[in-house]
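# Remarks on the overall topology
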Amino acid sequence: MVEVHLQVNDKLLQTGKLNQFSCPKCKEKGNLEYRIYGGIVSFLLIPMLPKRKITKLFCNNCHIEFGLNKSSLDIKQAINYEKEKRPINTPLWQFTVFFVLISIVSFAIYTGFEMTKLEKVYIRNPEKNDIYKANFNGEYTTLKVENVKKDSVIVLLNKYKLTSYKGLEEINIEKNYNTPKTFSKKELSNMYNNNTIYEINRD
């Protein structure tokens, strides 16, 4: 199981006095203030995204900090008014890594779609030396196109099979292809559609 090491660095972003209100806890008036906390969510010490801002109340008389759920509607409205007067702007740089990651993921998805489109062309129109990466019931191997006829394709089977897709490049060498087998083009298309052939490489 992969552990995700996310860290949140909290900091006090803004405070403000609410002298006209009484503390919900000790009922003393003139000692209440609001505090706005924020921060940055980091992954492996790399800043990723700004954390959602949280507003809390603090009483300087009883020294208790509590959430807005324990405050009155008047207090909440007063805090919202103060926030509008003194907005806290989030620096754009805090989104930089997030934007970069989104760009990388988007590019990877786009590349994957484009590769899939190419593979669909390759499987319909095989060419000599095409390499098929295949998974036969949990055994990973490669097939190499040797000859293409009108409705059939002769491939050379790799004499090695692996229990993982890792290492296929190491067995993809000429001397390992020594057993020919003929498939119809329709059979190969079906193998690709059901993901038995899951990748096609063409030089």
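It should be noted that the structure appears before, not after, this text.
Residues numbered from 1 in each chain as written. Predicted model: local features only at pLDDT ≥ 70, side-chain atom pairs only at ≥ 80, totals over all residues. Heavy atoms only, no water.

Our focus in this paragraph is the environment of G167. Tracing the sequence through the fold places G167 in the loop between β8 (152-158) and α3 (168-171). Sequence separation between G167 and Y140 is 27 residues, and the spatial gap between their C-alpha atoms is 9.4 Å. (Helix = DSSP H or I, 4+ residues; strand = E, 2+ residues; numbered from the N terminus.)

Another point: the nonpolar core. Membership of the largest hydrophobic core comes to 14 residues, with the highest contact counts inside it found for I123, Y132, V155, L188, M191, I197 and I200. Only α2 (96-124), β6 (131-136), β7 (139-148), β8, α4 (185-193) and β10 (197-201) provide two or more residues apiece to this core. Broken down by element, this core gets its largest block of residues, three residues, from α4. If sequence neighbours within four positions are ignored, V155 has contacts with Y132, L143, K144, V145, E146, T179, P180, K181 and F183. Among the nonpolar cores identified, the runner-up in size contains twelve residues, and L18, C23, Y34 and I75 belong to it. (Core = buried A, V, L, I, M, F, W, Y, C linked by side-chain atoms within 4.5 Å. Buried < 20%, exposed > 50% of the residue type's maximum accessible area, 1.4 Å probe, protein only. Contact = heavy atoms within 4.5 Å.)

Here we come to the packing of aromatic side chains. Remark: the centre distance and the inter-plane angle together describe each pair of aromatic rings, the angle taken between the planes. One pass over the structure, following the stated rule, counts two aromatic pairs. Ring geometry for Y140 and Y198: centres 6.1 Å apart, planes at 80 degrees, overall edge-to-face. With Y140 in strand β7 and Y198 in strand β10, this pair connects stretches of sequence that are 58 residues apart. Judged by relative accessible area, which is 23%, Y198 ranks as partly exposed. Among the aromatic residues, those joined into a ring-pair cluster are Y140, Y165 and Y198. Sitting above the plane of the F58 ring, R35 keeps its charged end 3.8 Å from the centroid. (Phe/Tyr/Trp six-rings, centres within 6.5 Å; stacked < 30°, edge-to-face > 60°. Lys NZ or Arg CZ within 6 Å of the ring centre and 35° of its normal.)

Spatially, five strands are ordered β9-β8-β7-β6-β10 in an open sheet, and the strand pairing comes out antiparallel. Since the sheet does not close on itself, it has two edges, and those belong to β9 (177-184) and β10, each with one partner. Between one strand axis and the next, the sheet turns by 30 degrees as a mean value, whatever way the strands run. Note that β8 and β9 share seven bridges and pair antiparallel. By the bridge assignment, I154 is partnered in β9 with T182. (Pairing = 2+ DSSP bridges. Axes fitted to C-alpha atoms, helices over the stretch in contact; angles between N-to-C directions.)

According to the stated counting rule, one finds zero disulfides in the structure shown. Here C59 is not cross-linked by a disulfide; its sulfur's nearest cysteine counterpart is in C62, at 3.6 Å. The class of C62 is partly exposed, set by a relative accessible area of 23%. (Disulfide = S-S within 2.5 Å.)

Shape descriptors only; they carry no functional weight alone.
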